[in-house]
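Secondary and tertiary structure notes
Okay, here's what each chain looks like letter by letter:
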Amino acid sequence: MSAGSEAPEAHRTPAVHEVAMPTVTALPHLHTQGPLTEIRSGVVAAHRAALNAQVAMQRAIWQRTARPQTPDTATEQRRSGSPIFGARIAAAPEWAFKPPARTTRTSLDRAALLRLTEGDVTGVFGYRRSGVESVARLSAAGPLVLTEVVTIELRGGTGHGRVVAHFDGDTWAAAVQAAEVFALFTGMHLCLSRSTFASMPGTAESATGTVEFVVSDIDLVPRPHVTGTATIAGSAPLQVTVTVAEPAGAGVGPGAAVPGLLLNEFHMTHLARGDQAIAMGPEFAEYTGVRATRLPTGGLLLVDRVLEFDGARGKLDGATYRTEYDSPADSWYYGDTANESMPHFVYMETSLQAALLMGYYAGPTLTQPGVTLSLRNLGGTATVLRQVDLRDKTIEQTSRLLSTTILPGSSLQNFDYTLSVDGEPFYTGETMFGYFSDEALANQTGLDAGRSVPTWLDEHPQATRTIDVAARRSDPNARLCARRTLALIDRIDVVDGGGKHGAGYLHSLREIDPADWYFARHFHLDPVIPGSLGVESVIHAIQEWMLDAGFADTIGDPVFRIPSDIAFSWRYRGQFLPTDATVRLEAHIKEVRRGANGVTVIADGSLWKPGLRIYELVDLAIELGEREERP
């Protein structure tokens with residue numbers, strides 16, 4: 001989530017280092033006890049840069065040219081930084097559509113096609129979803145002309161996917177039915193209970209042959225749909241769109257799209273970049289099409305469903321809720337990380353997104369109608385409880401809204417959260433979010449009350465040596481290297497034995513490109529660099545330093561992990577905008593532990609935008625150890 005501006009203190013704010021801040025007296029519902037006590041009362045602004053410039057910088061569509069990773073063997077995939085433990089799994093590109101359902105069935109004989117015309121989607125493709133009454137059928141509008149589906153590919157051909165099928169009959173019907181097969185294959189109809197398929201009529205001719213349908217667009221807004229080009233030998237290409245349509249008069253908002261489920265992927269996509277009245281309810285209609293609180297989009301959208309919510313609109317304290325996020329093994333971040341499993345920033349993002357989602361749903365912004373309020377994360381603390389491979393797992397997120405404080409032009413919310421897999425917790429933490437008006441975001445004071453604080457290297461000028469990260473990353477045989485979308489740093493200046501703790505100092509500077517991919521993802525109409533990617537960039541610097549220091553030399557098959565039982569905390573007091581020139585970071589190595597699991601390095605860090613230090617990281621830990629073979 002995005003980094004935030006300075007804000008008043010409220011109940012259970014993350015306990016990180018204090019700075020002097022203004023106070024406001026006689027504020028209701030404020031508490032100062034508990035471990036989270038560092039944010040003081042009073043609204044203090046965070047930005048000098050005008051937010052109007054952000055909207056101008058928002059790119060409507062990020063066009064990424066990177067191709068999916070396709071290693072020849074699991075060994076080669078591990079060498080490139082994407083360990084799969086024996087499986088051959090190509091990482092999807094970040095922009096790739098994430099289907100509501102996954103199936104291993106990739107071809108269909110005539111008998112299977114006939115079962116789909118009868119609505120037996122579960123029997124053919126194997127997936128199901130609780131609460132969804134599935135009535136979608138193949139070829140509901142006319143006779144079945146497909147005789148066999150040779151292959152169904154997600155992200156196949158030159159688009160998002162493709163279907164190759166044999167047919168006998170109407171060529172337009174063959175094209176539409178191929179599109180319907182792909183929609184059923186990806187579970188598009190699961191977003192809306194009792195939904196059916198709709199398509200425009202087209203001109204066709206009778207033939208026998210093969211149809212190849214290549215998907216050019218697949219999306220959940222404004223309604224789930226699949227668009228593509230059908231190619232049949234001897235005929236002109238056919239442009240086909242199949243749309244998932246709810247029953248006439250049926251609701252599609254919270255709790256209505258699927259009985260027993262408050263929100264699903266359809267609502268998440270609308271909250272990210274669509275109709276907020278659909279996503280959150282009619283009270284939120286005024287936020288559609290304008291800068292407002294949103295979830296990230298694309299590959300940074302890391303929450304899928306809200307299963308339970310015991311609160312209510314307007315009840316701003318005490319609610320508990322349970323959400324889910326599916327983490328497919330081909331997710332882009334597994335292919336791009338140097339970690340054995342999920343990168344650190346996804347741990348942060350998925351837990352923080354789950355918290356903000358229901359905090360926003362409770363309605364703090366509705367208490368100040370007509371005021372544009374932007375959401376920013378202010379800080380937190382988190383601990384990995386156990387190490388687990390999260391590929392192809394569904395992560396359950398249990399969160400509590402501990403308190404909400406409403407102030408003129410802003411509001412604050414405190415949460416705690418736990419992530420679990422198969423009923424067992426593996427990550428826990430607490431965090432605070434703030435909602436800030438344009439006026440509150442008009443200036444930025446950073447972490448140091450507006451003072452320009454130098455880096456340690458500026459205060460202790462001396463010779464450094466350089467780790468050329470970009471050069472190592474360009475080597476296809478380099479091990480343990482973050483790549484492609486997660487290529488966040490290019491070089492590191494090192495002072496051996498330097499830093500605040502005398503154990504090593506790392507410094508890196510990177511120019512900001514307004515076209516950087518994450519600005520189009522985070523957030524729609526309000527682009528900022530995700531704070532979690534700032535944390536991730538410091539992690540990469542430490543990882544590269546560990547390799548340069550030779551810690552991997554005595555390990556047969558080394559991998560990076562997030563160590564368990566080491567609490568990490570962060571503070572954000574600003575954000576990096578497309579208009580900012582640079583991101584500067586430093587890390588102070590404070591401890592190197594050697595044990596049975598390998599080598600663990602613990603460090604503190606800070607990040608600067610030009611003139612201001614705005615992130616502080618405490619006890620950021622990285623483990624380098626022997627790979628453990630998984631069953």
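Residues numbered from 1 in each chain as written. Predicted model: local features only at pLDDT ≥ 70, side-chain atom pairs only at ≥ 80, totals over all residues. Heavy atoms only, no water.

Pairing between side chains of opposite charge can happen when the charged atoms of each approach one another. If you walk through the whole model with that rule in mind, you get 38 salt bridges. Notably, a salt bridge pairs Arg472 with Glu544, separated by 2.9 Å at the nearest N-O pair. Taken as a pair, Arg472 in helix α11 (residues 469-473) and Glu544 in helix α12 (residues 531-548) lie far apart in primary sequence, 72 residues in all. The exposure class of Glu544 is buried, given its relative accessible area of 6%. Notably, a salt bridge pairs Asp604 with Lys590, separated by 3.2 Å at the nearest N-O pair. (Salt bridge = Lys/Arg side-chain N within 4 Å of Asp/Glu carboxyl O. Helix = DSSP H or I, 4+ residues; strand = E, 2+ residues; numbered from the N terminus. Buried < 20%, exposed > 50% of the residue type's maximum accessible area, 1.4 Å probe, protein only.)

As for its position among the elements, Ala312 is in the loop between β7 (305-309) and β8 (320-327). Look at Ala312 and you get partly exposed, because its relative accessible area is 37%. Each C-alpha atom, one on Ala312 and one on Ala362, is 6.3 Å from the other, the two residues being 50 residues apart in sequence.

Our focus in this paragraph is helix α3 (residues 110-117). Every buried residue of α3 is listed here: Ala112, Leu113 and Leu116. Relative to the axis of α3, the buried residues are bounded by an arc of 100 degrees and lie together on one face. Looking at the buried side of α3, the elements it contacts are α4 (121-125), β1 (146-154) and α5 (171-185). In the segment just after α3, Gly119 is the residue with positive phi, at about 90 degrees. (Arc of directions from axis to C-beta. Contact = heavy atoms within 4.5 Å.)

Mapped onto the secondary structure, Ala112 falls in helix α3. For Ala112 and Phe125, which are 13 residues apart along the polypeptide, the C-alpha to C-alpha distance reads 9.4 Å. Leave out the neighbours within four places in its chain, and Ala112 touches Arg105 and Val124.

Enumeration according to the criterion identifies 24 aromatic pairs in this entry. Ring centres of Phe125 and Tyr127 lie 6.2 Å apart, and the angle between their planes is 5 degrees; this geometry places the pair in the stacked category. Neither Phe125 nor Tyr127 differs from the other in exposure class; each is buried. Seen in terms of ring centroids, Phe415 and Phe433 are 6.0 Å apart; in terms of plane orientation they differ by 80 degrees. Their pairing is edge-to-face. Here Phe415 is found in strand β11 (residues 410-421), whereas its partner Phe433 is found in strand β12 (residues 424-437), with 18 residues between them in sequence. Of note, Arg313 hangs over the ring of Tyr361, and the distance from its end group to the ring centre comes to 4.3 Å. The ring of Tyr334 carries the charged tip of Arg391 above its face, separated from the ring centre by 5.3 Å. (Phe/Tyr/Trp six-rings, centres within 6.5 Å; stacked < 30°, edge-to-face > 60°. Lys NZ or Arg CZ within 6 Å of the ring centre and 35° of its normal.)

Once that is clear, we can look at α5. Under the 1.5 Å per step criterion, the end-to-end length of α5 is 21 Å for 15 residues, consistent within 8% with the ideal 21 Å. α5 sits mainly inside the fold: 15 of its 15 residues count as buried. For α5, the capping residue at the N-terminal end is Asp170, with a side-chain oxygen 2.8 Å from the backbone nitrogen of Trp172. Residue Gly187 follows α5 closely and has a positive phi angle near 70 degrees. (Expected span 1.5 Å × (residues − 1). Polar contact = N/O pair within 3.5 Å; in protein donor to acceptor, adjacent residues only side chain to side chain.)

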